[in-house]
Structures are given as structure tokens and as C-alpha cells.
Amino acid sequence: MCVKSCDLMECSQLLKKFLGIAFLGIGLWAWNEKGVLSNISSITDLGGFDPVWLFLVVGGVMFILGFAGCIGALRENTFLLKFFSVFLGIIFFLELTAGVLAFVFKDWIKDQLYFFINNNIRAYRDDIDLQNLIDFTQEYWQCCGAFGADDWNLNIYFNCTDSNASRERCGVPFSCCTKDPAEDVINTQCGYDARQKPEVDQQIVIYTKGCVPQFEKWLQDNLTIVAGIFIGIALLQIFGICLAQNLVSDIEAVRASW
């Protein structure tokens, strides 16, 4: 029984360890390419959300879990195995708590999402990864801004004030534009002057629905798939905890028989 548990633990934790190293490597490489590592102070002074953080956080957590589980199984170290199960249990508890709180305080979450999107709209031109993330979001959900295209007034390049000398004044990014299937090349200037047109004409050229309501609609339409993914992740975590605890019990039972 101990041999089978060890084999399963070793395979799963080696995979987590390699994935963690990969995510960490991608994150550090991306920061190096952007010049963040040459100016460490910029890490704490990012204008908006930096998507690289996702790779670094996920990579760091997966590496720690993979290292603890892998070394614990290989060396039959009960301390590392217990650390692995407790750490995984804490993550599971946090995920469960976040899910319950998200359901109970969904209006507050909606307001925070609105604030988050608008805060990153302000920093749209400041970070290429952030810019690509916003463009992907608007294209995928066919939306523009948090609650509408006018949210782009928050950006210094797209606002409609008379003092704005930018060519993109009163426009929107190309990712807000409705797509013509016949076009093979993206027209990056399709959003110029779009918000100077009447609202009826705007709907022909750009998406006028905000990303927050579009995300809510997508969530409702794909609720079964999303729930299935979260349940699958939860079952894998529970399986990992049970496997580690079973291995700890086997090791302690063998040691007690000496």
C-alpha cells in the first residue's frame, strides 16, 4: 500500500513541481523582457494589474506544493507530507470561503470588478501585457469598458475633453470594434472617433455593452461548465490530501513496528 501511495504521490508532485517551475520561469522572463527586474521599485508601483503576477503567484504556490509533496514522498518525510496536506487544505478552505462569499456578496463583487476594470482602463497604455489582456477580454466577450464604451473617458488618450490632443480622442481601442468576417487584417484604427457618433450609429461600429454585464451573462450561460471545473479541482485537492494522509499513516505504522 505504501509503495502504491508513494508512486502516485511522486508522479503527481513531480508534475506540480515542473509546472510550478515553468510558470515561475515564464513570469520572470516576462518581467525581464519588460525591464521590471532592472527596476525593482516598479514592482510595487504598477499603474494597473500586471498579468505577470498570475504566473508568479500560481508558479510559486505550485512549486512549493510540488516540492513538499515530492520530497516528502521520496524521502518518506512525514513533516513535509503533513505540510503539503495542511497547505493544500488551507487553499481548499480559502477557495470554498471565496465561493461562498462571492455568492453572498455578489453585488459588492460586481462593484469591485467595475472598479478593477476601470482602474486598468486608466493604465491601458502603460503595460503591454495589461493592454493585451484588456483587448482579449473585450474581443472574447464582445464588450467595451466596464459598463459601456464611455468608460474609456477615464483613459488620457481616449477621453473626450477639449484639452486632449490625442488622435484617439473620443475613440475606443480596436478590440471594442464589431468584427467583419470578410476582414483578414485587423484595422487598429477602427475605433477612432467612434464615440462622437450618435448612439444608434455607435452600435454598428463598436460593442456598446459593458464587460461586467457581459461576463455575468457568460457566467449564467456556462454555469454548469464552470461549476464542473471547480468541483473537479476541489476533488483533486481532496484526493491529494487523502493520499498524503494515507502515506503518512503508512509510514508511521511501519516505523511503529520497528
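Residues take numbers from 1 onward in each chain, read along the sequence in its written order. In keeping with the predicted nature of the model, local features appear solely for residues at pLDDT of at least 70, side-chain atom pairs appear and are counted solely at 80 or more, and the whole-chain, interface and lining totals rest on all residues. Think of the side-chain values as coming from all heavy atoms in the structure, minus any hydrogens and water.

- The protein chain carries the name Tetraspanin in an unreviewed UniProt entry, which gives Equus asinus as its organism.
- UniProt positions are given in the numbering used here, feature names are shortened, and annotations may be inferred rather than shown by experiment. Within the UniProt record for the protein chain, the comment given under Sequence similarities (unreviewed entry) is "Belongs to the tetraspanin (TM4SF) family."

## So, the pattern of salt bridges
Oppositely charged side chains may form a pair once their charged atoms are brought near each other.
Thought 1: When a carboxyl oxygen of Asp or Glu lies within 4 Å of a side-chain nitrogen of Lys or Arg, that pair is called a salt bridge. Taken as a whole, this structure holds eight salt bridges when the rule is applied.
Thought 2: Taking the shortest distance from any N to any O, the salt bridge between Lys179 and Glu139 comes out at 4.0 Å. One end of the pair, Lys179, is in the loop between α5 (128–140) and α6 (199–205); the other, Glu139, is in helix α5, and 40 residues separate them in sequence.
Thought 3: For Lys179, a relative accessible area of 44% gives the class partly exposed. For the purposes of this entry, the term helix denotes a DSSP run of H or I that reaches at least four residues, the term strand denotes a run of E that reaches at least two, and both are numbered from the N terminus. Note on exposure labels: buried denotes an accessible area under 20% of the residue type's maximum, exposed denotes more than 50%, and partly exposed covers the range between, all computed with a 1.4 Å probe on protein chains only.

## Focus: a nonpolar patch on the surface
Thought 1: Nonpolar side chains (Val, Leu, Ile, Met, Phe, Trp, Tyr) within 5 Å and like charges within 9 Å form the patches, drawn only from residues with over 30% relative accessible area and no salt bridge. For the area figures, the Shrake-Rupley method with a 1.4 Å probe applies, and any residue is considered shielded solely by the protein chains shown. A cluster of nonpolar side chains, contributed by Leu96, Val100, Leu101, Phe103, Val104, Phe105, Trp108 and Ile109, occupies part of the molecular surface with about 830 Å² of accessible area.
Thought 2: Every element with two or more residues in the nonpolar patch is listed here: α3 (78–104) and α4 (106–122).
Thought 3: If you tally residues by element for the nonpolar patch, the top one is α3, at five residues.
Thought 4: One can find Val104 in helix α3.
Thought 5: For Val104, a relative accessible area of 52% puts it in the exposed group.

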